[in-house]
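What follows is each chain in one-letter form.
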Amino acid sequence: MIATVEAKDGATADDLARRIPAMASALKLGKGRITHTVDDDDSSQVTLRVQVADLLKEGFPWRGPSAFGASIGDVPIRTGRYEDGEDVLLNLTGQLRDPGPLSNGNVEHCIAMGVNGAGKTQGNQLILVEVATRTEATSIVIDCSKFQQDFGHIRHGIEWPIDKKDAARRFFKILPNAIEKRTDFLAAKGLSKWEPGCGLNFLVIIGEEAADFAADNEHYQKILRTARAAGIWILTSIQRATHNNMDTDSRANSPAGLCFGLRDGADSQYCLPDEAVEAGAWPQWGNRKPGYHYAAGLGIPEDRWHVTARTELASKRDQADAVTAGAAIRTPLDAITAEAFGDLYNNRTTYDAPLLPKEEGEENNPQQQATPAPAPTAPAASPAAAAPAYSGPPEEEMDDVDEDTIAREVEELNEMLQNVLDEDPEPGEYDHLRIEDEIEAPADDAPVLSLGGDDDTDKLTSEQGRQELYKRLDTWVREGKLSFAPREVTDILLRVGLADTKRWFYRERDRLIERKVISEDESEEGFGHYDILRSPLSSDNGE
C-alpha cells in the first residue's frame, strides 16, 4: 500500500519518521515494513509505503536470460522482482542504449553484503549468467574459498576463474596495467568512458568472500578508483563490510549496494546509501529469507532503494544450459586487454563443461584440466589429456600375500643389509688419529676436487648475467611457476664476474619491479619471495 502525506505547519519528514515505529506497532507490522521517501522538489510531500504482507514468500521461477544475444550495453540485466511485482534491473555499464526505467550515468562498483546463507552467491550466479549470454562482455570471478561449489555449474562461461589467494594477489597487481591500456585505447578514440561498440569488452569482476583479499589491499583501493573509466565493473561480495574486512576507502569507492539478510539491520549502513537506510530499509532477517535483498545505485531510481526484492529461483542445470547456449554468441576477450594481462591470462585455468551433479542415466561431467591459452604465434595443436598428479604408489592388497613369503623376503633383506654393513670399500685411513693430532699434508700427486666457479671462461658479464636471469624467469613463466626466492638464482649470481654480486642482484630486482615484471610477495607466508607477473622477454617489456 502506498500513501502520500503532506506535512503541514512546518512539520518535516523526520517528524513523520519518528512516528513510524508507533504506526507499525498499531498496524501489527514488523520493523522495515513501513518506509518513506521525500519528494526532491517539495520536502512537505512524503510518500509512505506499507508492506502489509510478504508477497515474496513463494518466490518467482527464473525466466531465463533477460536479453539473450544482446550487447551488455544495450539493455539492463534482470536478476529478480520487487515485492510489488516490478523487475529488479541493474545498469552495470553506466551507459545503455535503452536504459528503460533506469538512468544512465557512470559505472558504479557494488558491494553485495549478507550473512552466510542469505543468497549473495545465488544473486552473483544470476549476474554471471546474464553476462555469459550477452555480447561485448567478459566475466572474471575470484573465489578463493569454494569456487567449484559456488560457480562450478557455470564455470565454462567464466573467462578467468581465480581460486587461489596467490593467484588473486598477482591478478590485482597486473590489473592496473590492463586499466591503463584500456583507458589509453578509449582516449585514442576520443571516449571518456566505455561505450557499446568501442572495441573493448566490458569487464565484470566478481570477488566472492572478498574479505580474503579486500582488507588492507592497497592495490584493490587503487583499482576501484580507476577501473570505472576503463569499462570495468567490480562487485565485492562479503558477509560484513566493516573496516577490518574491507578498507573504508574501498567501501567509499563502491557506491552501489545489494544488501541481503543481516543479523543486525543497522549493518546495512556498510552496504546501502544513507538515503536507503533513512527511508527505512531494514534487512534484519539473517538467512531466514534467502534471496531477499535491497538494491541501490546501478541506475535504479532512488524511490526503489528501500523496496524489498528477491532474486529469481533458478536451478543449477538451467543456468548451466543457458551458459552453454551462450557460447555461440559470446564475444572473445579483446586483444588489448588480453595482451595487457599477459602471461597470467595466457596461463589461466579454463573449463569447457559445467560441473553438475550426476543425474539418473547420465555420466558425471569430468572436471577439465587447467589449459593455458596458446601463444599467438604458436601453431594450433591437438589437445592432449594432462597426466594426473602423482599421488604415490598404488596401494597393494595385502590379504592375498602369503605370510611365509613375507617372512622370507624380510630375512633376505636383513641379510643384504648386514652384508653392506660388513663391507668396508674404503678402509678408514685416518681411524688411528685423534682430534688433537695433525693431519699429514697430501701427496704431490693426490687428486684435487674442484667445485667450479674459478674458471674465468665460465664467468658472465653484467649484461650476460641479466640475460641469464631473464631467461630463467621466462622459463618459469612458461612452466607455470609464478613465484621464486632469491636462492633459486644463486647459481647465476656465482657466475657473474663482479665483486659484489648481491648488489648486482638487487639492482636487477629493482629494474624488474619497476617494469612490473615481478613484485614483492606481501603475504605473511611469502616473506622474502617475489611474484612473477609476466615474462621479461615478452613484447611488452617497457624497453
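The structure displayed is predicted, hence computed values, not measured ones.

What counts, and at which threshold
- Residues numbered from 1 in each chain as written.
- Predicted model: local features only at pLDDT ≥ 70, side-chain atom pairs only at ≥ 80, totals over all residues.
- Heavy atoms only, no water.
- Salt bridge = Lys/Arg side-chain N within 4 Å of Asp/Glu carboxyl O.
- Buried < 20%, exposed > 50% of the residue type's maximum accessible area, 1.4 Å probe, protein only.
- Helix = DSSP H or I, 4+ residues; strand = E, 2+ residues; numbered from the N terminus.
- Core = buried A, V, L, I, M, F, W, Y, C linked by side-chain atoms within 4.5 Å.
- Contact = heavy atoms within 4.5 Å.
- Lys, Arg positive; Asp, Glu negative; His and termini not counted.
- 1 Å grid on protein atoms, 1.4 Å probe; cavity = no way out; pocket = protein on both sides within 12 Å on 5 of 7 lines; lining within 4 Å.
- Points joined across faces, edges and corners; volume = space filled by probe spheres on them.
- Nonpolar A, V, L, I, M, F, W, Y, C, P; charged D, E, K, R; others polar.
- Pairing = 2+ DSSP bridges.
- Axes fitted to C-alpha atoms, helices over the stretch in contact; angles between N-to-C directions.
- Expected span 1.5 Å × (residues − 1).
- Phe/Tyr/Trp six-rings, centres within 6.5 Å; stacked < 30°, edge-to-face > 60°.
- Lys NZ or Arg CZ within 6 Å of the ring centre and 35° of its normal.
- Arc of directions from axis to C-beta.

K.L.:
I would appreciate a short explanation of the pattern of salt bridges in the present structure.
P.N.:
Close approach of charged atoms allows side chains of opposite charge to pair. Within the structure shown, the criterion is met by 24 salt bridges. With a closest N to O distance of 3.5 Å, Arg 134 and Glu 130 form a salt bridge. Its relative accessible area of 0% is what places Arg 134 among the buried residues. Its relative accessible area of 2% is what places Glu 130 among the buried residues. Residue Arg 466 is joined to Glu 463 by a salt bridge in which the shortest nitrogen-to-oxygen separation is 2.3 Å. Taken together, the residues Arg 466 and Glu 463, both in helix 12 (residues 462–479) and three residues apart, mark about one turn of the helix. Taking the relative accessible area as the measure of exposure, Arg 466 reaches 13% and is therefore buried. Classification of Glu 463 by relative accessible area gives partly exposed; the value is 40%. In this structure, a network of salt bridges that share partners links the residues Asp 166, Arg 169, Arg 170, Lys 173, Asp 521, Glu 522 and Asp 531.

K.L.:
Mind showing me how you'd approach the nonpolar core here?
P.N.:
Membership of the largest hydrophobic core comes to 64 residues, with the highest contact counts inside it found for Leu 90, Leu 92, Ile 127, Phe 202, Trp 233, Leu 235 and Leu 258. With six residues, helix 2 (residues 120–132) is the single largest residue contributor to this core. Each residue touching Phe 202, except ones within four places of it in the same chain, is listed here: Ile 72, Leu 92, Thr 93, Val 107, Glu 136, Ala 137, Thr 138, Arg 182, Trp 194, Gly 231, Ile 232 and Trp 233.

K.L.:
It is not clear to me how the side chain of Asp 343 should be interpreted in this structure. Could you clarify?
P.N.:
You can see Asp 343 is positioned in helix 10 (residues 343–346). Put simply, Asp 343 is tucked away with no salt bridge, and the nearest opposite charge, on Arg 534, sits 6.5 Å away. Beyond its immediate stretch of four places on either side in the chain, Asp 343 contacts Val 477, Arg 534 and Ser 535.

K.L.:
I'm lost on empty space enclosed by the protein in this one. Help?
P.N.:
If you roll a probe as big as a water molecule over the atoms, it shows you where there is empty space left. Taken as a whole, this structure holds three cavities of 30 Å³ or more when the rule is applied. There is about 60 Å³ of room inside the largest cavity. Residue lining of the largest cavity: Thr 79, Val 88, Leu 90, Gly 123, Ile 127, Leu 258, Phe 260, His 293 and Thr 311, and that is the complete set. At the level of elements, strand 5 (87–90) and helix 2 are the ones that each hand at least two residues to the lining of the largest cavity. Residues belonging to the lining of the largest cavity are distributed by class as follows: five nonpolar, four polar and no charged.

K.L.:
Is there a simple way to explain the sheet that holds strand 13 (residues 309–311) in this structure?
P.N.:
To summarise the sheet geometry, strands pair through backbone hydrogen bonds and adopt either a parallel or an antiparallel arrangement. Strands sit in the order 5-4-13-12-11-6-10-9-7-8 across an open sheet of 10 strands; the sheet is mixed. Single-partner strands in this sheet number two, and they are strand 5 and strand 8 (160–162). Here the average twist between neighbouring strands, direction ignored, is 25°. Relative to strand 13, strand 4 (residues 77–82) runs antiparallel, the two sharing three bridges. Counted as the bridge partner of Tyr 82 is Ala 309 from strand 13.

K.L.:
When you look at helix 12 in this model, what are you seeing that I'm missing?
P.N.:
Residues lying three or four places apart along an α-helix face the same way, a consequence of the helix completing one turn every 3.6 residues. Relative to the 26 Å expected for 18 residues at 1.5 Å per residue, helix 12 spans 26 Å between its end C-alpha atoms, a close match to the ideal helical length. Contacts made by the buried residues of helix 12 are with helix 10, strand 14 (483–484), helix 13 (490–495), helix 14 (501–514), strand 15 (518–520) and strand 16 (530–532).

K.L.:
So what exactly am I meant to see when it comes to the packing of aromatic side chains here?
P.N.:
Each aromatic ring pair is specified by the distance between its two centres and by the angle formed by the two planes. The full count for this structure, using the stated rule, is 13 aromatic pairs. Centroid distance Phe 147 to Phe 151: 6.1 Å. Interplanar angle 45°. Geometry classified as tilted. Pair noted here: Phe 147 and Phe 151 are both in helix 3 (residues 147–151), with a separation of four residues, about one helical turn. Using a relative accessible area of 3% as the deciding quantity, one classes Phe 147 as buried. Exposure remark for Phe 151: the relative accessible area of 0% places this residue in the buried category. Ring pairing ties together the aromatic residues Trp 160, Phe 171, Phe 172, Tyr 220, Phe 341 and Tyr 345, which thus form one cluster. If you follow Arg 348 out to its NZ or CZ, it ends over the ring of Tyr 345, 3.9 Å from the centre.

K.L.:
Can you help me understand the pairing of strand 5 in this one?
P.N.:
Relative to strand 5, strand 4 runs antiparallel, the two sharing four bridges. Bridge assignment links Ile 77 to a residue of strand 5, and that residue is Leu 90. Hairpin connection between strand 4 and strand 5: a loop of four residues separates the two successive antiparallel strands, and Gly 85 in this loop has a positive phi of roughly 95°.

K.L.:
Would you explain helix 5 (residues 218–226) in this entry?
P.N.:
When helix 5 is considered as a whole, its buried residues turn out to be Tyr 220, Gln 221, Ile 223 and Leu 224. Burial along helix 5 is one-sided: seen end-on, the buried residues are contained in an arc of 165°.

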